[in-house]
Amino acid sequence: MAKTFTTATAPGAFPLLGHTLQLRRGPLKFLTSLSTLGDLVEVRLGPCRAYVLCDPALTYQVLLDDRTFDKGGPFYDKGRQVLGNGLVTCSHRDHRRQRRLIQPAFQRDRVVSYSAVMGKQVMSLIESWRHGQVIDVLAEMHALTINVTARTLFAGKIDASHVALIRNSMEVITCGVTRRVMLPATVLEKLPMRANRRFEYARRSLRQLTRQLIADYRRAGVDHGDLFSVLLTAGDTNGCGLTDDEIDDQVLTLFLAAVETMATTLSWVWHLLGSHPKIQTELHTEVDTVLNGRTADHADIARLGVTGRVITESLRLWPPGWLFTRTTRSETELAGRPLPAGTTLFFSPYLLHHRADLYPDPDRFDPDRWLPENVGPLSRGAMLPFGAGARKCIGDMLGIAEASIALATIASRWQLDPISGVDVRPTTGRAVLAPRPLHMRLQQRQPLREQRRA
Ligand code: HEM
């Protein structure tokens, strides 16, 4: 029998502000508190009503109907102004065409070749590490994922100076995007302030590089086996390919979508392993047995069971994408409640992943939940680190493959130990959920092969 969904109104709204303070000061606590109230919970953002989806099936229903529940509303409108009309920000009207053109870049054989880039880049990162050194884990993982994304996108033509330009530009753009999307006053963005000048310069530099690469690739006329080659040739046969402006938007979109999510996923994993030594030992045993000291490649992933479960459980506990919005394109009804066109809905993977009825003891890091014998019939929508439906992450397979290769290869050589007395907290400042501050001490490990030889 189909479930009857319940609705409720969140208590504690302040006059004029509504629930804005709760959402700003303690968003995770506030969101998880809502799931005890009902399946669809009304909140106030200032004077406006919005709804938080608290039930997995209801969330899934909304994500499957991307025509009615579209990307739009103030955040996406602003995002489009800043980032252009790429795959993340575009509305349903443009989405099908864009996704059809870009999807071939994420086919399995391509993912296998991109994964090799991760192996190489991980090795060059860890070769620079020293035993006993304290590292800023988020910064290191960020540098790694920028390198990997740049070389996956532009394998054919990229050199170290390009990567440096991309790294510097993306740092400024990522901070600027978050600030601009949150800022209501567009006029502030036009003022000749230093932050605005830096943002414009970074955006222009990245655009110039993309244009230069478009020209170089077209001149060479070969498929370099990278993402950019697919973007350039997409739809060529029927003449509806991406324009140079669209390619430019997609490049920025892919960088923004891939780098922060991957860097925070890996950072959470290190933090969780550092505070769960028993699980870390299990992981070390696995990587020593499977890899025996070599760099992991795509073919290893199927044999890296503990590695995969650690990543899945980390994505459950700390999904980098923790809060998203949708807007109703037309008048509709949800959970028996009529919603006018233009209503804002929130869905939160974090909220769903912390429901005690779906995950007993939900705050506990327990990779064994994902052992085949322990995975019960999970309801659809219960595990959404990559979203669902037509707008599901296009890089999900790539993300998992790259994270597995990075984790296994690093763990076979290094142990990352927590620094005592440091309170690592989830922060939501740069749109993704990130552990901060996360400094850890490096301890060199001897892979099994060398231990046996000694
Ligand atoms: C562990 C890493 C990642 C996580 C947790 C993640 C998470 C997500 C989520 C939750 C969405 C859906 C957002 C929504 O429904 O509003 C999404 C969309 C997207 N992601 Fe990822 N992502 C990851 C890695 C990547 C990578 C590696 C790429 C590209 C190289 C990528 C590119 C995109 C794009 C382009 C979209 C928009 C898809 C569409 O609307 O058709 N992501 N991601």
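Described in the following lines is the structure provided in the data block. (Residues numbered from 1 in each chain as written. Predicted model: local features only at pLDDT ≥ 70, side-chain atom pairs only at ≥ 80, totals over all residues. Heavy atoms only, no water.)

**So, the pattern of salt bridges**
Here comes step 1: Enumeration according to the criterion identifies 26 salt bridges in this entry.
Here comes step 2: Where arginine 203 meets aspartate 248, a salt bridge forms, and the shortest distance between an N and an O atom there is 3.7 Å. Here arginine 203, found in helix 10 (residues 194–220), pairs with aspartate 248, found in helix 12 (residues 244–274); they are 45 residues apart in sequence, far enough to count as distant.
Here comes step 3: Exposure remark for arginine 203: the relative accessible area of 4% places this residue in the buried category.
Here comes step 4: Each of the salt bridges in this network shares a partner with another, and the network as a whole consists of Glu42, Arg44, Arg49 and Arg337. (Salt bridge = Lys/Arg side-chain N within 4 Å of Asp/Glu carboxyl O. Helix = DSSP H or I, 4+ residues; strand = E, 2+ residues; numbered from the N terminus. Buried < 20%, exposed > 50% of the residue type's maximum accessible area, 1.4 Å probe, protein only.)

**So, a nonpolar patch on the surface**
Here comes step 1: Among the surface-exposed residues, Phe14, Leu16 and Leu17 lie close enough to one another that they form a single nonpolar patch of about 340 Å² accessible area.
Here comes step 2: Along the chain, the position of phenylalanine 14 falls in the loop between strand 1 (7–9) and helix 1 (20–25).
Here comes step 3: Taking the relative accessible area as the measure of exposure, phenylalanine 14 reaches 41% and is therefore partly exposed. (Patch = residues over 30% accessible without salt bridge, like charges linked within 9 Å, V, L, I, M, F, W, Y side chains within 5 Å. Areas by Shrake-Rupley, 256 points an atom, 1.4 Å probe, with all protein chains shown as cover.)

**A closer look at the side chain of aspartate 396**
Here comes step 1: If you trace the backbone, aspartate 396 turns up in helix 16 (residues 396–413).
Here comes step 2: A residue is classified by how much of its surface remains accessible, and aspartate 396, at 18% relative accessible area, is buried.
Here comes step 3: In this structure the side chain of aspartate 396 is engaged in a polar contact, spanning 3.2 Å, whose partner is the side chain of lysine 392. (Polar contact = N/O pair within 3.5 Å; in protein donor to acceptor, adjacent residues only side chain to side chain.)

**Things to note about the site of the ligand**
Here comes step 1: Looking at the ligand, there are 26 residues lining it, with His95, Arg99, Arg326, Arg391 and Cys393 nearest.
Here comes step 2: In the environment of the ligand, an oxygen atom lies 2.7 Å from a nitrogen or oxygen atom belonging to the side chain of arginine 99.
Here comes step 3: Interatomic distance of 2.7 Å between a side-chain N/O atom of arginine 326 and an oxygen atom of the ligand.
Here comes step 4: At the level of secondary structure, the elements contributing two or more residues to the shell around the ligand comprise helix 5 (92–102), helix 12 and strand 6 (324–328).
Here comes step 5: Its residues assigned to classes, the shell around the ligand comprises 16 nonpolar, five polar and five charged. (Near = heavy atom within 4 Å. Nonpolar A, V, L, I, M, F, W, Y, C, P; charged D, E, K, R; others polar.)

**A closer look at the pairing of strand 9 (residues 344–347)**
Here comes step 1: Residues of strand 9 alternate between two faces, with Thr344 and Phe346 on one and Leu345 and Phe347 on the opposite face, all of them buried.
Here comes step 2: By the bridge criterion, four bridges tie strand 3 (residues 48–53) to strand 9 in an arrangement that is parallel. Bridge assignment links valine 52 to a residue of strand 9, and that residue is phenylalanine 346.
Here comes step 3: Of the strand pairs in this sheet, strand 6 and strand 9 are connected by four bridges, and their pairing is antiparallel. Looking across to strand 9, one finds that threonine 327 is bridged to threonine 344. (Pairing = 2+ DSSP bridges.)

**A look at helix 4 (residues 73–83)**
Here comes step 1: When we look at burial in helix 4, the residues that qualify are Gly73, Tyr76, Lys78, Gly79, Val82 and Leu83.
Here comes step 2: Just beyond helix 4, the residue with positive phi is glycine 84, at close to 90°.

**Notes on the sheet that holds strand 6**
Here comes step 1: Strand order in this open sheet of six strands is 1-2-3-9-6-4, and the pairing throughout is mixed. A single partner strand is all that each edge strand has here, and the edge strands are strand 1 and strand 4 (69–70).
Here comes step 2: The pairing of strand 4 with strand 6 spans two bridges and is classified as antiparallel. Looking across to strand 6, one finds that aspartate 70 is bridged to threonine 327.

**Looking at the coordination of the iron atom of the ligand**
Here comes step 1: The protein gives the iron atom of the ligand a lone donor atom, Cys393 (SG), placed 2.3 Å from the metal.
Here comes step 2: Along the polypeptide, cysteine 393 turns up in the loop between helix 15 (349–353) and helix 16. (Donors = N, O, S within 2.8 Å, 3.2 Å for Na, K, Ca; no water.)

**As for the nonpolar core**
Here comes step 1: Among the nonpolar cores identified, the biggest contains 80 residues, and Trp129, Met141, Trp270 and Leu416 are the most heavily contacted of them.
Here comes step 2: In this structure tryptophan 270 touches Val137, Met141, Leu407, Ile410, Ala411, Leu416 and Met440, once residues within four positions along its chain are discounted.
Here comes step 3: If you look at the next biggest cluster of nonpolar residues, it comprises 45 residues, including Val172, Phe228, Ala234 and Ile247. (Core = buried A, V, L, I, M, F, W, Y, C linked by side-chain atoms within 4.5 Å. Contact = heavy atoms within 4.5 Å.)

**Looking at the sheet that holds strand 5 (residues 134–136)**
Here comes step 1: As summarised here, the arrangement of the three strands in space is 5-13-10, forming an open sheet in which the pairing is antiparallel. Two strands close off the open sheet at either side, each with one partner strand: strand 5 and strand 10 (414–418). The mean angle between the axes of side-by-side strands here comes to 40°, regardless of whether they run parallel or antiparallel.
Here comes step 2: Of the pairings in the sheet, the one linking strand 5 to strand 13 (residues 439–444) comprises three bridges and is antiparallel in character. By the bridge assignment for strand 13, valine 134 is matched with arginine 441. (Axes fitted to C-alpha atoms, helices over the stretch in contact; angles between N-to-C directions.)

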